[in-house]
Amino acid sequence: MSTENDIFEVMKTMRAMRRLKPDPVPDHVLAQVLEAGTCAPSGQNLQRWSFLVVEDQAGKKFFGERYDYWMRERFADVLRDIDYSSAAGRQAKAAMHLASHMHEVPVLLFCCGTRDWPFAVAPAERVGRAPPSYGSIYPAVQNILLACRALGLGASLTTMHQMFEDDMHAFFGIPATHGVVAVIPIGYPAGKFGPITREPAPHKTHFNRWGQGKPGLAEPMV
Ligand SMILES: Cc1cc2nc3c(=O)[nH]c(=O)nc-3n(C[C@H](O)[C@H](O)[C@H](O)COP(=O)(O)O)c2cc1C
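Residues numbered from 1 in each chain as written. Predicted model: local features only at pLDDT ≥ 70, side-chain atom pairs only at ≥ 80, totals over all residues. Heavy atoms only, no water.

Undergrad: Kindly report on the site of the ligand, identifying the contributing residues and their values.
TA: Every residue lining the ligand is accounted for by Arg15, Ala16, Arg18, Tyr67, Gln91, Ala95, Tyr138, Leu157, Thr158, Thr159, Met160 and Arg198. Interatomic distance of 2.9 Å between a backbone N/O atom of leucine 157 and a nitrogen atom of the ligand. Arginine 198 is positioned with one of its side-chain polar atoms (N or O) 2.8 Å from an oxygen atom of the ligand. Its free accessible area being 630 Å², the ligand has 65% of it covered by the protein chains. Considering only residue class, the shell around the ligand consists of 6 nonpolar, 3 polar and 3 charged. (Near = heavy atom within 4 Å. Polar contact = N/O pair within 3.5 Å; in protein donor to acceptor, adjacent residues only side chain to side chain. Areas by Shrake-Rupley, 256 points an atom, 1.4 Å probe, with all protein chains shown as cover. Nonpolar A, V, L, I, M, F, W, Y, C, P; charged D, E, K, R; others polar.)

The following block contains the structure:
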């Protein structure tokens, strides 16, 4: 198993990989991915993440059917008019490909976090269920994506499960104390890795005061 060790190279080529081979991911490779997740920082180092690895057919079918349904429902208008030769069109095509093949992906990794009100929300304002502590889970999610890329695995971050999360809790036995923050489909890539497409960092950066710039470092496009 080859690994790419230059972290910048890994980040710059970590495109969402939505076309995956059905080949299984060995447990010892998955263990490395999960270990990377648990290297992440979290508020007060409470490490309130839990991971559910779903590899069985029944679980993947249950998740895939619902994910595919909601992707089609949510993006029906966009898909009707999209130009599939544009960059956005190619991305939409890949996203819909993943949706319709979700049940064949070797590993679905549910990244869960305990529900906990942000401390800025006053106790009197805490109504209903607390959200999962997203800020403490997303660094682990990012570490997992980086580890997958470094290990030659394809992966992508998905959140469409929010449309049917209660069903997932019932089917997979996830306790109400936890929320599912992200679902990461993982497998060996069928597509090619390549450079990501992003706005240059200076376009997103301000200097000293919002709207001010510094040549080469901060050239905000406000
Ligand atoms: C919070 C968040 C939610 C996302 N949800 C989905 C999703 O539900 N389905 C999907 O196919 N991609 C999802 N993505 C992936 C993004 O669409 C993708 O990373 C982005 O368009 C950039 O493309 P690239 O990673 O290939 O460069 C999500 C990404 C983030 C950060």
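Now that the structure has been shown, the text picks up again.
Undergrad: Please give an account of the side chain of lysine 60 that cites residues and values.
TA: With respect to the helices, strands and loops of the structure, lysine 60 is situated in helix α3 (residues 57-74). Although lysine 60 lies buried, it forms no salt bridge, and the closest oppositely charged side chain, glutamate 55, sits 7.4 Å away as judged by the N-O distance. Every residue in contact with lysine 60, bar those within four places of it in the chain, is listed here: Val54, Glu55, His103, Val105, Pro106 and Leu108. (Helix = DSSP H or I, 4+ residues; strand = E, 2+ residues; numbered from the N terminus. Buried < 20%, exposed > 50% of the residue type's maximum accessible area, 1.4 Å probe, protein only. Lys, Arg positive; Asp, Glu negative; His and termini not counted. Salt bridge = Lys/Arg side-chain N within 4 Å of Asp/Glu carboxyl O. Contact = heavy atoms within 4.5 Å.)

Undergrad: Break down the sheet that holds strand β4 (residues 178-187) for me, with residues and values.
TA: Pairing within the open sheet is antiparallel, and its 4 strands lie in the order β1-β2-β4-β3. Each end of this open sheet is capped by a strand with a single partner; those strands are β1 (49-54) and β3 (154-155). Where β1 meets strand β2 (residues 107-114), 6 bridges bridge the pair, whose relative direction is antiparallel. Paired with valine 54 across the bridge in β2 is leucine 108. Against the sheet, helix α7 (residues 165-172) contacts β1, β2 and β4, and its axis sits at roughly 80° relative to β4. (Pairing = 2+ DSSP bridges. Axes fitted to C-alpha atoms, helices over the stretch in contact; angles between N-to-C directions.)

Undergrad: Hey, could you go over the environment of arginine 15 for me, with residue numbers and the actual values?
TA: Residue position: arginine 15 is located in the loop between α1 (7-12) and α2 (27-38). Distance in space between the C-alpha atoms of arginine 15 and serine 156 is 7.9 Å, their sequence separation being 141 residues. Each residue touching arginine 15, except ones within four places of it in the same chain, is listed here: Ala155, Lys192, Phe193, Gly194, Pro195 and Ile196.

Undergrad: Run through the side chain of arginine 149, naming residues and quoting values.
TA: Among the secondary structure elements, arginine 149 is positioned in helix α6 (residues 134-150). A polar side-chain atom of arginine 149 sits 3.0 Å from a polar atom in the side chain of threonine 13.

Undergrad: Describe in detail the packing of α3 against helix α5 (residues 87-101), supporting the description with residues and values.
TA: For any two helices packed against each other, one specifies the crossing angle of their axes together with the interaxial distance. Relative orientation of the contacting elements α3 and α5 amounts to 150°, with a least axis distance of 7 Å. By the angle between their axes, α3 is roughly antiparallel relative to α5. Of the residues in α5, those touching α3 at Gly64, Tyr67, Asp68, Met71 and Arg72 are Ala95, Met96, Ala99 and Ser100. Split into classes, the residues belonging to the contact of α3 with α5 amount to 5 nonpolar, 2 polar and 2 charged. (Parallel < 35°, antiparallel > 145°, perpendicular 65-115°, else oblique.)

Undergrad: Which residues make up the pattern of salt bridges, and what values do they have?
TA: Enumeration according to the criterion identifies 8 salt bridges in this entry. Close ionic contact of arginine 129 with aspartate 166 constitutes a salt bridge, the shortest N to O distance being 3.5 Å. Here aspartate 166 lies in helix α7 and arginine 129 lies in the loop between β2 and α6, a separation of 37 residues in the sequence. The network of salt bridges with common partners includes Lys61, Glu65, Arg66 and Asp167.

Undergrad: Explain the packing of aromatic side chains to me, using residue names and the numbers behind them.
TA: Scanning all chains against the criterion turns up 9 aromatic pairs. Geometrically, the ring pair formed by phenylalanine 62 and phenylalanine 172 is edge-to-face, given 5.8 Å between the ring centres and 85° between the ring planes. One end of the pair, phenylalanine 62, is in helix α3; the other, phenylalanine 172, is in helix α7, with 110 residues separating them in the sequence. Its relative accessible area of 12% is what places phenylalanine 62 among the buried residues. When its relative accessible area of 19% is taken as the criterion, phenylalanine 172 is described as buried. Where phenylalanine 110 meets phenylalanine 172, the ring centres are 5.0 Å apart and the plane angle is 85°; that geometry is what we call edge-to-face. Of this pair, phenylalanine 110 sits in strand β2 while phenylalanine 172 sits in helix α7, placing them 62 residues apart in sequence. For the residue pair phenylalanine 110 and phenylalanine 172, the accessibility class agrees, reading buried in each case. (Phe/Tyr/Trp six-rings, centres within 6.5 Å; stacked < 30°, edge-to-face > 60°.)

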